[in-house]
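Residue-level structure breakdown
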Amino acid sequence: MSRPYAEVIGDPIAQSKSPAIHGFWLGHLAIDAAYRASRVDKRDLGEFLASRRTDRNWRGCNVTMPHKQAVIPSLDRLDPLAASVGAVNTIVPEDGQLVGYNTDVPGFLEPLRALLDQTHYFRMARILGTGGAARAIVKGLADEKLVIVLAGRDPAKARALLDELDPAGEHHAVDITHFASPTDFSFDDREGCLDLVVNASSLGMTGQPPLAFDMSHAPPGSVFYDIVTSPLDTAFLQSARAAGFRTVDGLSMLIGQADHAFRRFFGKVPPREADAALRAVLAA
């Protein structure tokens, strides 16, 4: 008899670390189930999901680029958060329906939770990138009452994204080159403030152009967060550490979002006390 299984879909998909994460947790908890990667062409999404509807062993799938918005027409219902983000990264069969969730938002926020639970006089995030991942990050940080400066190659696209996701917010859109050159701006006293600098783009990823960010744009005490996972310790994070800033790497978001998906797929809480061992597996 076939085992229950979940999967991650995307195109390309070979680079995905999701099978290693979910496989580690399944093994740690001795759950008799599998998790695999499936490359799915955008043209085949509807047919693929229709075939999964009738598979009794299928527990759902994670969705990676470039399908996070393209899958929506094939779903029966969206969780309110996924609907507000306009992107789905987790699909679960529930009572004969395919339901779309977005676990990227809580996954991204997880390593920041201790900071976000504090009281601040002012909160600002400089977010670099306007692609699919940026949607979840903008929505999550806007809901946490951060003022956002969204930087992209097309400032009009950045503006439209801000207006769509948080139309009442007092946010700003700029060209991504704005952060590449030094600034002589004198930051005010930032004590009691929260400042984030987030790379939500693929810049700096293996095979991609570097991310140009001059550290003079970062207020004292900023936290730098890079969602890139290959390489894990990006030049962006290395430069931030060298300048004395705190950093968060891409595995934090990846593991955090997988946690929420795993619970929906397999009905169990993943063993997060083993995160250090999981990171070692992913780094091998």
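The model shown is predicted, which means the values in this text are computed figures rather than measured ones. (Residues numbered from 1 in each chain as written. Predicted model: local features only at pLDDT ≥ 70, side-chain atom pairs only at ≥ 80, totals over all residues. Heavy atoms only, no water.)

Structural notes on the side chain of histidine 171
Structurally, histidine 171 is set in the loop between α7 (155-165) and β9 (172-175). Classification of histidine 171 by relative accessible area gives buried; the value is 7%. Among the polar contacts made by the side chain of histidine 171, one reaches the side chain of aspartate 166 at a distance of 2.7 Å. Excluding residues within four positions of it along the chain, histidine 171 makes contact with Ala142, Leu146, Val147, Ile148, Arg159, Leu162 and Asp166. (Helix = DSSP H or I, 4+ residues; strand = E, 2+ residues; numbered from the N terminus. Buried < 20%, exposed > 50% of the residue type's maximum accessible area, 1.4 Å probe, protein only. Polar contact = N/O pair within 3.5 Å; in protein donor to acceptor, adjacent residues only side chain to side chain. Contact = heavy atoms within 4.5 Å.)

Thoughts on helix α6 (residues 132-143)
One turn of an α-helix holds 3.6 residues; hence residues three or four places apart share an orientation. An ideal rise of 1.5 Å per residue puts 16 Å on twelve residues; α6 measures up with 18 Å between its terminal C-alpha atoms. The complete set of buried residues in α6 reads Gly132, Ala133, Ala134, Arg135, Ala136, Ile137, Val138, Lys139, Gly140, Leu141 and Ala142. Contacts made by the buried residues of α6 are with α3 (80-85), α4 (104-109), β7 (122-128), β8 (147-152), α7 and β10 (193-199). Among the residues trailing α6, lysine 145 stands out with phi positive, at a value near 65°. (Expected span 1.5 Å × (residues − 1).)

A word on helix α8 (residues 235-242)
For α8, the set of buried residues is Phe236, Leu237 and Ala240. One face of α8 carries all of its buried residues, which in axial projection span an arc of 95°. Relative to its buried face, α8 has exposed residues pointing more than 90 degrees away, namely Ala235 and Ala242. Contacts made by the buried residues of α8 are with β7, β10, β11 (223-226) and β12 (246-248). At the exit of α8 stands glycine 244, carrying a positive phi of roughly 95°. (Arc of directions from axis to C-beta.)

From the geometry alone we can't say anything about function, so treat these as descriptive.
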